[in-house]
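Secondary and tertiary structure notes
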Amino acid sequence: MGTTGLIERVFAWEALDSRGTPTVACEVSLSSGATGTVIVPSGASTGRHEAHELRDGGQRYGGRGVQQAVRNVNDVLGPAVKGHDAGDQRGLDGLLREADGTANLSALGANAVLAVSLAALIARAHHESTDVWRLLLDGRDPLMPLPMVNIVSGGAHAGGAVDIQDVLVVPVGASSFAEAIEWSWRVRLATAQACEARRLPATLAADEGGLGPRLDSNRQALELVAEGLERSGLQPGSDVAIAVDVAATQLWRDGSYRLEAEGRTVDASGLLAEIESWCDTWPVVSVEDPVADDDWDGWSEASRRLGPRVQLLGDDLFATNAGRLSRGAADGIANAVLIKPNQNGTVTGTSDVLEQARTAGYATVVSARSGETEDSWLSDLAVGWRAGQIKVGSTTRSERTAKWNRLLRIEAEPGGVAFAGRQALGGSHVDV
Ligand code: PGA
Ligand code: ZN
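The text that follows walks through the structure, step by step, so that each part is easy to find. On a predicted model such as this, the values are computed, not experimentally measured, just so you know. (Residues numbered from 1 in each chain as written. Chains lettered and ligands numbered in written order. Predicted model: local features only at pLDDT ≥ 70, side-chain atom pairs only at ≥ 80, totals over all residues. Heavy atoms only, no water.)

1. As for the site of ligand 1
Around ligand 1, the structure places 14 residues, and the nearest of them are Ala 44, His 157, Gln 165, Ser 370 and Lys 391. One nitrogen or oxygen atom from the main chain of Ser 45 is found 2.9 Å from an oxygen atom belonging to ligand 1. In this structure, Arg 369 approaches ligand 1 through a side-chain N or O atom, which is 2.8 Å from an oxygen atom. When ligand 1 is considered free in solution it has 280 Å² of accessible area, and contact with the protein chains removes 99% of it. Under a 2 Å grid-point criterion requiring more than half of the atoms, the pocket assigned to ligand 1 is the largest cavity. Taken together, the residues of the shell around ligand 1 sort by class into 2 nonpolar, 5 polar and 7 charged. (Near = heavy atom within 4 Å. Polar contact = N/O pair within 3.5 Å; in protein donor to acceptor, adjacent residues only side chain to side chain. Areas by Shrake-Rupley, 256 points an atom, 1.4 Å probe, with all protein chains shown as cover. 1 Å grid on protein atoms, 1.4 Å probe; cavity = no way out; pocket = protein on both sides within 12 Å on 5 of 7 lines; lining within 4 Å. Sits in = over half its atoms within 2 Å of the grid points. Nonpolar A, V, L, I, M, F, W, Y, C, P; charged D, E, K, R; others polar.)

2. Observations regarding the layout of surface pockets
Roughly 360 Å³ of volume is contained in the largest pocket. What lines the largest pocket is a set of 15 residues, among which Leu 135, Leu 136, Asp 138, Thr 348 and Ser 351 lie closest to the centre. Broken down by secondary-structure element, the contributors of at least two residues to the lining of the largest pocket are helix 2 (89-100), helix 3 (110-127), helix 4 (132-136) and helix 11 (347-359). The element contributing the most residues to the lining of the largest pocket is helix 11, with 4 residues. The class makeup of the residues in the lining of the largest pocket is 6 nonpolar, 4 polar and 5 charged. (Points joined across faces, edges and corners; volume = space filled by probe spheres on them. Helix = DSSP H or I, 4+ residues; strand = E, 2+ residues; numbered from the N terminus.)

3. Examining empty space enclosed by the protein
A full pass over the atoms with the stated rule returns 2 cavities of 30 Å³ or more. Space inside the largest cavity adds up to approximately 90 Å³. For the largest cavity, the lining is made up of 18 residues, of which His 157, Gln 165, Glu 208, Lys 340 and Ala 368 are closest to its centre. For the lining of the largest cavity, the leading source of residues is strand 14 (residues 388-393), giving 3 residues.

4. Looking at the coordination of the zinc ion (ligand 2)
Ideal values differ by geometry: the angle at a metal is 109.5 degrees with four tetrahedral donors, but 90 or 180 degrees with six octahedral donors. Every protein donor of the zinc ion (ligand 2) is listed here as Asp 245 (OD), Glu 288 (OE) and Asp 315 (OD), and their distances to the metal cover 2.0 to 2.3 Å. Each donor residue of the zinc ion (ligand 2) lies on one chain, and together they are spaced D-x42-E-x26-D. Note that Glu 288 is positioned in strand 10 (residues 284-288) and Asp 315 in the loop between strand 11 (311-314) and helix 9 (322-330), a separation of 27 residues in sequence. (Donors = N, O, S within 2.8 Å, 3.2 Å for Na, K, Ca; no water.)

5. A short note on the pairing of strand 5 (residues 166-170)
With 5 of 5 residues buried, strand 5 is to be regarded as a mostly interior element. Bridge count for strand 4 (residues 146-153) against strand 5 is 4 bridges, and the pairing is antiparallel. Bridge pairing links Val 152 to Val 167 in strand 5. Bridging between strand 5 and strand 6 (residues 241-245) involves 5 bridges; their strand directions are antiparallel. Counterpart to Val 170 in the pairing with strand 6 is Ala 241. (Buried < 20%, exposed > 50% of the residue type's maximum accessible area, 1.4 Å probe, protein only. Pairing = 2+ DSSP bridges.)

6. Describing the sheet that holds strand 7 (residues 252-253)
Taken in spatial order, the 3 strands line up as 7-8-9 in an open sheet, and their pairing is antiparallel. A strand with exactly one partner marks an edge of an open sheet, and here the two such strands are strand 7 and strand 9 (264-266). Of the pairings in the sheet, the one linking strand 7 to strand 8 (residues 256-259) comprises 2 bridges and is antiparallel in character. Counterpart to Trp 252 in the pairing with strand 8 is Tyr 257. Running at roughly 105° to strand 9, helix 7 (residues 268-281) makes contact with strand 8 and strand 9 of the sheet. (Contact = heavy atoms within 4.5 Å. Axes fitted to C-alpha atoms, helices over the stretch in contact; angles between N-to-C directions.)

7. Concerning the pattern of salt bridges
In this structure the tally under the stated criterion is 35 salt bridges. The closest approach of N and O atoms between Asp 352 and Arg 90, which form a salt bridge, is 2.8 Å. Note that Asp 352 is positioned in helix 11 and Arg 90 in helix 2, a separation of 262 residues in sequence. We note a salt bridge from Arg 134 to Asp 131, for which the minimum N-O separation is 2.9 Å. Given the relative accessible area of 34%, Arg 134 is considered partly exposed. Looking at Asp 131, the relative accessible area reads 22%, which means it is partly exposed. (Salt bridge = Lys/Arg side-chain N within 4 Å of Asp/Glu carboxyl O.)

8. Overview of the sheet that holds strand 1 (residues 7-16)
Pairing is antiparallel in the open sheet, where 3 strands are placed in the order 1-2-3. In the strand order of this sheet, the two ends are held by strand 1 and strand 3 (35-39), each with one partner. Direction aside, the axes of adjacent strands within the sheet are offset by 15° on average. Judged from the 5 bridges that link them, strand 2 (residues 22-30) and strand 3 form a sheet pairing that is antiparallel. Paired with Ala 25 across the bridge in strand 3 is Ile 39.

9. Section: helix 6 (residues 218-232)
Each α-helix turn comprises 3.6 residues. Residues three or four places apart therefore point the same way. Over its 15 residues, helix 6 runs 22 Å from end to end, which matches the ideal 21 Å to within 8%, given 1.5 Å per residue. Immediately downstream of helix 6, the backbone of Gly 233 shows phi near 85°, a positive value. (Expected span 1.5 Å × (residues − 1).)

10. A word on the packing of helix 2 against helix 11
Taken N-terminus to C-terminus, the directions of helix 2 and helix 11 make an angle of 110°; their axes are 8 Å apart at the nearest point. With respect to helix 11, the element helix 2 is oriented roughly perpendicular. Residues Gln 89, Arg 90 and Asp 93 of helix 2 pack against Val 347, Thr 348 and Asp 352 of helix 11. (Parallel < 35°, antiparallel > 145°, perpendicular 65-115°, else oblique.)

11. Some words on the environment of Glu 274
Mapping Glu 274 onto the fold places it in helix 7. Expressed as a C-alpha distance, the spacing of Glu 274 and Pro 22, which sit 252 residues apart in the sequence, is 38 Å. The contacts of Glu 274, once residues within four sequence positions are left out, are Arg 219 and Arg 264. Side-chain polar atoms of Glu 274 contact the side chain of Trp 278, separated by 2.9 Å.

Any functional reading would require information beyond the geometric quantities listed.
Structure below.
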């Protein structure tokens, strides 16, 4: 690879994410003069096994400030990597981890560590006058991901309008990424019209740009998206299928699951029976976090009942953590892994989990957070790592469209880029 520029300056400051919550921004400058800038994302339905996001507490920004994390970049992490070759990302990430010294990056903050790791990657791309996705290919061909697009939101992203967090569409029949986005746009519009027809005041955009109608049951959220699908003129199942993120960790109360919208509490079997009935009724191809992150028995049952028919996707369950994935893979839990860089903390740590998942036969879905930024590097990671799938929210709100737009740009490359399509989905159901 040769020398690709030495890290000369690392500089962080406090910025805001798409919810207006403080987050860490960072610029890395190389000896060549090339710079890379990043603003890190932040979740709301944050799993307890994620790398630690450092917050200041106190009065400022309701305790959500990140001034300490910023200081940790400027005073500790920056000096630790100064003079390091930005071309050696693995060595750099190792230095960052070493400087923190804890497994979950709780000393300096994963938000501080990830900011430096990513900004260095971006600086290196600028230094080499290339794109981040090209840097990550390592001799392989790039791959446009199959998108999972948010249509109706609930849970922590929509003031608890319904209990489940997202009902999404997966344009499984699209032949290109651009077509997949256009089809998703059509379903979102038709679903908004379905809301209007039912006199549901649903046009407010939730945190990820989806519709946030207040409904009487979780089932109705799927019903609404299915109606949007019908109205869109696309073929349910063969053109566009449905995905659900239950985000069940959020519903977990002392061993059972509280469905507030329905005024009832169920155990894991009850919740899984409900989800199964959705899969019987509609063309559901992917179910994320159907039970809570530490409900391993529930996950075993989910893997037996749902695993053979849908992509069973672990988000809070795996938390982009190698140890959690090893445990799950040993027990045959789930068949797909959500990959969120800020759950892990470094660029190479995240790609290692992705490779581990691939080796274990799991599908991979690169994912944004509910608190996002105007950055679009996530799209480059998805293409360069050949993740196969990506989830960044809906087709509205600039922090979402920034990622779609980046992917549209990459696909527009002369000569084109292969599109992953439906084969990227995990599970053995693929003929919907
Ligand atoms: P979060 O939501 O960023 O609030 O965790 C995204 C997801 O659950 O997939
Ligand atoms: Zn999730």
